[in-house]
Amino acid sequence: MILSLSDISELKKQVAERFSVTVHFCDSCGGQSFTVEEPTESLKAFITDFFFAKDLNVVFSENGEHFTVRRNS
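This report concerns the structure included in the present document. Computed from a prediction, not measured in an experiment: that's the story for all the values here.

The next thing to look at is the nonpolar core. Counting residues in hydrophobic clusters, the biggest one holds 17 residues, and the most contacted among them are L11, V15, F34, I47, F51 and F67. For this core, the secondary-structure elements that each account for two or more residues are α1 (5-19), β2 (31-36), α2 (41-52), β3 (56-60) and β4 (66-71). Considering each element in turn, this core owes the most residues, five residues, to α2. Leaving out residues up to four positions away in the same chain, L11 has contacts with V23, F34, F46, I47, F50, F51 and F67.

What follows is the structure, given as structure tokens:
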């Protein structure tokens, strides 16, 4: 699943405005991933809803600081 740079930019902008948090994006050979420091449940819910509206699913790490995005099956 490859996300567009405009989707990534919009997510980063909205999260910064609403939560005063920076989302870090990594695009490597292994795929795209994101990191956020000190995630809250409301931030995770916002990120989940943001991608759900694009028919995508978010998978968070156990501590919630890392996540990837996949197509809904």
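So that's the structure; there's more coming.
What follows covers the pairing of β3. Where β3 lies against β4, five bridges are found, and the strand directions are antiparallel. Each bridged residue has a counterpart across the sheet, and for V59 the counterpart in β4 is T68. Taking the residues between adjacent antiparallel strands as the criterion, β3 and β4 are bridged by five residues, where G64 takes a positive phi near 80 degrees.

The end-to-end C-alpha distance of α2 is 16 Å, a good match for the 16 Å that twelve residues give at a rise of 1.5 Å each. Among the residues of α2, L43, K44, F46, I47, F50 and F51 are the ones counted as buried. Looking down the long axis of α2, one finds its buried residues gathered within 160 degrees of arc, a one-sided arrangement. In α2, those exposed residues whose orientation departs by more than 90 degrees from the buried face are E41, D49 and F52. Elements in contact with the buried residues of α2: α1, β2, β3 and β4.

Reading the values: the criteria
Chains are numbered independently. Their residues run from 1 in the order of the written sequence. Side-chain atom pairs in this predicted model are given and counted only at pLDDT of 80 or more, local residue features only at pLDDT of at least 70, and totals for whole chains, interfaces and linings cover all residues. Excluding hydrogens and water, the side-chain values take into account all heavy atoms of the structure. By convention a nonpolar core is built from buried Ala, Val, Leu, Ile, Met, Phe, Trp, Tyr and Cys residues, the set being connected through side-chain atoms within 4.5 Å. When a residue's accessible area, from a 1.4 Å probe over protein chains only, is under 20% of the maximum for its type it is buried; when over 50% it is exposed; and in between it is partly exposed. By definition, any uninterrupted DSSP run of H or I lasting at least four residues is a helix, any uninterrupted run of E lasting at least two residues is a strand, and each is numbered from the N terminus. Between two residues, a contact is recorded if the distance between any of their heavy atoms is within 4.5 Å. Between any two strands, pairing holds if DSSP finds at least two bridges. Expected helix span is given by 1.5 Å per residue-to-residue step, counting one fewer step than there are residues. Picture the helix axis, draw a direction to every C-beta atom, and the arc is the one those directions span.

Interpretation in functional terms is not warranted from these geometric data alone.
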